[in-house]
Amino acid sequence: MKQVTVSGAIILRTNPQTLKKEIFATQRGYGDYKDGWELPGGKLEDGETPQDCIVREIQEELATTIKAERILGVVEYDYPTFHLTMHCILCSIVSGELKLLEHEAARWLSKENLHSVDWLPADLLILNKIEELL
């Protein structure tokens, strides 16, 4: 089975109006899993660390500079045509406005509405750890 290794960003903020912690979720705009919700990110390139990957991917996909704080967890999941290893990295915004360059939609999700979107199967596996942050 094909092996795919990616980094996913858990971009955390405190909502200025509600003062609740939230994470940024994106909806895929392409591919086999179009319309599914996920942590933004992408594939590791040769010689790249998961942290370097997520900083590069968020710059490319969302025109935003982030700081990779720490790996919150690593998800292993078998999709029908490939095995996914996803490094889920807690991140903070350094600069930028999170512009959607590749995704259909995005939302800031708090603990109360974390399950209000149709998460992709692999992303569902890290939600319990994310809930502990919120």
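Scroll up a little and you will see the structure.
Described in the following lines is the structure provided in the data block. Just so it is clear, the model here is predicted, and its values are computed rather than measured. (Residues numbered from 1 in each chain as written. Predicted model: local features only at pLDDT ≥ 70, side-chain atom pairs only at ≥ 80, totals over all residues. Heavy atoms only, no water.)

Helix and strand content of the chain: 3 helices and 7 strands. Listing the helices and strands of the chain from first to last along the sequence gives β-β-β-β-α-β-β-β-α-α. Taken against the 2.2 N^0.38 rule, which gives 14 Å for 134 residues, the C-alpha radius of gyration of the chain at 14 Å falls within 12% of a compact globule. When its C-alpha atoms are laid out on the principal axes, the chain stretches across 45 × 30 × 25 Å. Evaluated residue by residue, the chain yields a buried proportion of 46% over its 134 residues. Long-range pairs, those at least 24 residues apart, make up 65% of the contacts in the chain between residues at least 6 apart in sequence. Here the chain displays about 6900 Å² of accessible surface, and carbon together with sulfur accounts for 49% of that area. Distance between charge centres in the chain, computed from 14 positive and 22 negative side chains, equals 5 Å. (Helix = DSSP H or I, 4+ residues; strand = E, 2+ residues; numbered from the N terminus. Rg over C-alpha atoms; globule rule 2.2 N^0.38 Å. Buried < 20%, exposed > 50% of the residue type's maximum accessible area, 1.4 Å probe, protein only. Contact = heavy atoms within 4.5 Å. Areas by Shrake-Rupley, 256 points an atom, 1.4 Å probe, with all protein chains shown as cover. Lys, Arg positive; Asp, Glu negative; His and termini not counted. Charge placed at Lys NZ, Arg CZ, Asp CG, Glu CD.)

In this section: the packing of aromatic side chains. Within this structure, the stated rule accounts for 4 aromatic pairs. For the pair Y79 and F82, a centre-to-centre distance of 5.0 Å together with 25 degrees between the ring planes defines the contact as stacked. Overall, the relative accessible area of 17% leaves F82 in the buried class. Among the aromatic side chains, those forming a connected cluster through ring pairs are Y33, Y77, Y79 and F82. Lying across the ring of W108, R13 places its NZ or CZ 4.1 Å from the centre. (Phe/Tyr/Trp six-rings, centres within 6.5 Å; stacked < 30°, edge-to-face > 60°. Lys NZ or Arg CZ within 6 Å of the ring centre and 35° of its normal.)

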